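# A closer look at the structure
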Amino acid sequence: MKNLKLKLARVEKDLSQDELAKLVGVSRQTIGLIELGKYNPSLSLCIAICKALSRTLDDLFWEEES
Amino acid sequence: MNWFNRNKLTDERIVNLKNQIYREAYLLITIICSASIILKIFLQEDPSTLTEVIVLLAGGIYYGVRSVMLGIYSEEVEVHDRESKTPYSRKTVWSGLAIGLGIALFFGIRSALLYGKSDLQTQVWYFFLVFAVSLIIYLPFFIAFQVTVHHWANKASKKFAESDLRDPE
């Protein structure tokens, strides 16, 4: 499932995938794949992304049950 | 180990994918070496398979020792026994039985093909003779070997896993 919350938070922070990738120390493809829901990041990477985007884990990675 | 982490990669996805490639490469090497041993034994009168055997044994021993030292051997056994009806220890007995049987069959067929060339009756005789003798020698050996190694590895792995869990404070 696509992670639209992450994409939205990144755009709100005015960051490109490449810039966010540099901030958290991964490749642009990794950020792209997380946004597409094709890669499950580890907890430490999730936390690094949250810190870079000034959000909480709940904000970016918690899926509400529909 | 430090000498593997000289060029530290920070992207966990790349590390995971590289580890997957290493695993596939190891499997490929194992298949090639095993095929080479089988082909040499069946096609050559005086086969030299030492290199392949060293590659296979070194890889296997290295993996075994590392998994024990990291404590994951006993963890695998624990998770397996929790989910499976057949305990891991019983499966090691079955694997020893299968290896012994496989080797006895292998030597039996090889002897029949290499030395029983004159007629079918001699081939069958050679097969059963070598098969029976190999079975008597290798079956108890491999069962005992598998059970002993499993017992020792599980015990040592538990010790390493426990020391990892110990809080330094």
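Bear in mind the structure is a predicted one, so any value in this text is a computation, not a measurement.

The rules we used
Residues numbered from 1 in each chain as written. Chains lettered and ligands numbered in written order. Predicted model: local features only at pLDDT ≥ 70, side-chain atom pairs only at ≥ 80, totals over all residues. Heavy atoms only, no water. Helix = DSSP H or I, 4+ residues; strand = E, 2+ residues; numbered from the N terminus. Rg over C-alpha atoms; globule rule 2.2 N^0.38 Å. Buried < 20%, exposed > 50% of the residue type's maximum accessible area, 1.4 Å probe, protein only. Axes fitted to C-alpha atoms, helices over the stretch in contact; angles between N-to-C directions. Parallel < 35°, antiparallel > 145°, perpendicular 65-115°, else oblique. Contact = heavy atoms within 4.5 Å. Nonpolar A, V, L, I, M, F, W, Y, C, P; charged D, E, K, R; others polar. UniProt positions renumbered as here; feature names shortened; annotations may be inferred. Buried area = accessible area lost by both parts, 1.4 Å probe. Polar contact = N/O pair within 3.5 Å; in protein donor to acceptor, adjacent residues only side chain to side chain.

### So, the overall build of chain B
The helix and strand tally for chain B stands at five helices and zero strands. Helices (α) and strands (β) of chain B occur, in sequence order from the N terminus, as α-α-α-α-α. Relative to the 2.2 N^0.38 estimate, which gives 15 Å for 169 residues, the radius of gyration of chain B is 21 Å and therefore markedly larger than a compact globule would have. Viewed in the frame of its principal axes, chain B has a C-alpha envelope of about 75 × 35 × 25 Å. Relative to its full complement of 169 residues, chain B shows a buried share of 22%.

### Comments concerning the packing of helix α2 (residues 50–69) of chain B against helix α5 (residues 120–165) of chain B
Residue and element names in this part refer to chain B. Here α2 crosses α5 at 40°, and the two axes come no closer than 7 Å. By the angle class used here, α2 and α5 are oblique. In contact with Ser67, Val68 and Met69 of α2, α5 contributes Ala153, Ala156, Ser157 and Phe160. In terms of residue class, the contact of α2 with α5 is built from five nonpolar, two polar and no charged.

### What to know about the UniProt feature "transmembrane region" (unreviewed entry) in chain B
All names here are of chain B. Taken from the UniProt record, the annotation "transmembrane region" (unreviewed entry) applies to residues 21–42, 54–73, 93–113 and 125–149. Structurally, residues 93–113 is divided into 100% helix and 0% strand, and its ends, taken at the C-alpha atoms, are 30 Å apart. As annotated, residues 125–149 has a helix share of 100% and a strand share of 0%, and its two end C-alpha atoms lie 35 Å apart.

### Here we look at the interface of chain A and chain B
With twelve residues of chain A at the interface, the matching set in chain B holds six residues. Summing the contributions of chain A and of chain B, the shared interface buries around 590 Å²; its carbon and sulfur component is 40%. Counting the surface chain A buries against chain B, the share from its top three residues, Gly25, Thr30 and Tyr39 of chain A, is 55%. At the junction of chain A and chain B, the tally comes to six residue pairs in polar contact (both at pLDDT 80 or more). Of all elements in the fold, only α3 (28–36) and α4 (43–52) of chain A reach the threshold of two or more residues within the side of chain A that touches chain B. Looking at the side of chain A that touches chain B residue by residue, the classes come out as five nonpolar, seven polar and no charged.

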